[in-house]
Amino acid sequence: MKKAILVCTCSFACPSMKDLNFAELAERVRLELPHDYMLLHPRLCEANGEAMMEDLLKKDGVVYITAACKPEKQAKLLRDGFQKAGVPMDNLRFKPVSIQFKNTEQAFEEIKKALEELGR
Ligand code: SF4
């Protein structure tokens, strides 16, 4: 299984992510954490994000670590995007990570932990 990280930046304007420097986070993840590739999008839960997911998410062979709002919120908000892509939101393919109310270091650690938990 490849490991892909989808970072949702919530339009770079969500007050709950005000302590996050997305540019720094992305570069640290790229350089320091073992994964296959990463994608940042400003709003995965809206039509443009869903269209991107439909086109780019792979039906097989990839587990998606989604760094965004709370996991339970992601389960609802990202459902249509995953559905359109034909990717089941089960624990083999979908690993949500909350980066809300985190600073850059804390968000980095959450993504690192998710990758370690996948351990494959
Ligand atoms: S999925 Fe969550 S983090 Fe992303 S834009 Fe929607 S509400 Fe914001």
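Scroll up for the structure.
Turning to the packing of helix α1 (residues 22–32) against helix α5 (residues 104–118), a few remarks are in order. Taken N-terminus to C-terminus, the directions of α1 and α5 make an angle of 40°; their axes are 10 Å apart at the nearest point. When the axes of α1 and α5 are compared, the crossing they make is right-handed. Across from Glu24, Leu25, Arg28, Val29 and Glu32 in α1, the residues of α5 making contact are Thr104, Glu105, Ala107, Phe108 and Ile111. The residue inventory of the contact of α1 with α5, partitioned by class, reads 5 nonpolar, 1 polar and 4 charged.

With that out of the way, let us pick up the site of the ligand. Within the structure, the ligand sits among Cys8, Cys10, Met17, Arg43, Cys45, Ala68, Cys69, Leu77 and Leu78. Each residue belonging to the shell around the ligand can be placed in one class, and the counts come to 8 nonpolar, no polar and 1 charged.

Attention now moves to the sheet that holds strand β1 (residues 2–8). Within a beta sheet, neighbouring strands are joined by backbone hydrogen bonds and run either parallel or antiparallel to one another. The strand order across the open sheet formed by 4 strands is β2-β1-β3-β4, and the pairing between neighbours is parallel. Edge positions in the sheet fall to β2 (37–41) and β4 (94–98), since each of these pairs with one other strand and no more. When the angles between neighbouring strand axes are averaged without regard to direction, this sheet yields 20°. The sheet contact formed by β1 and strand β3 (residues 62–68) spans 6 bridges and is parallel. The residue bridging Leu6 from the neighbouring strand is Thr66, located in β3. This element, helix α2 (residues 47–56), spans β2 and β3 of the sheet and lies at about 155° to β2.

Calculation notes
Residues numbered from 1 in each chain as written. Predicted model: local features only at pLDDT ≥ 70, side-chain atom pairs only at ≥ 80, totals over all residues. Heavy atoms only, no water. Axes fitted to C-alpha atoms, helices over the stretch in contact; angles between N-to-C directions. Helix = DSSP H or I, 4+ residues; strand = E, 2+ residues; numbered from the N terminus. Left-handed = near helix turned anticlockwise from the far one by under 90°. Contact = heavy atoms within 4.5 Å. Nonpolar A, V, L, I, M, F, W, Y, C, P; charged D, E, K, R; others polar. Near = heavy atom within 4 Å. Pairing = 2+ DSSP bridges.

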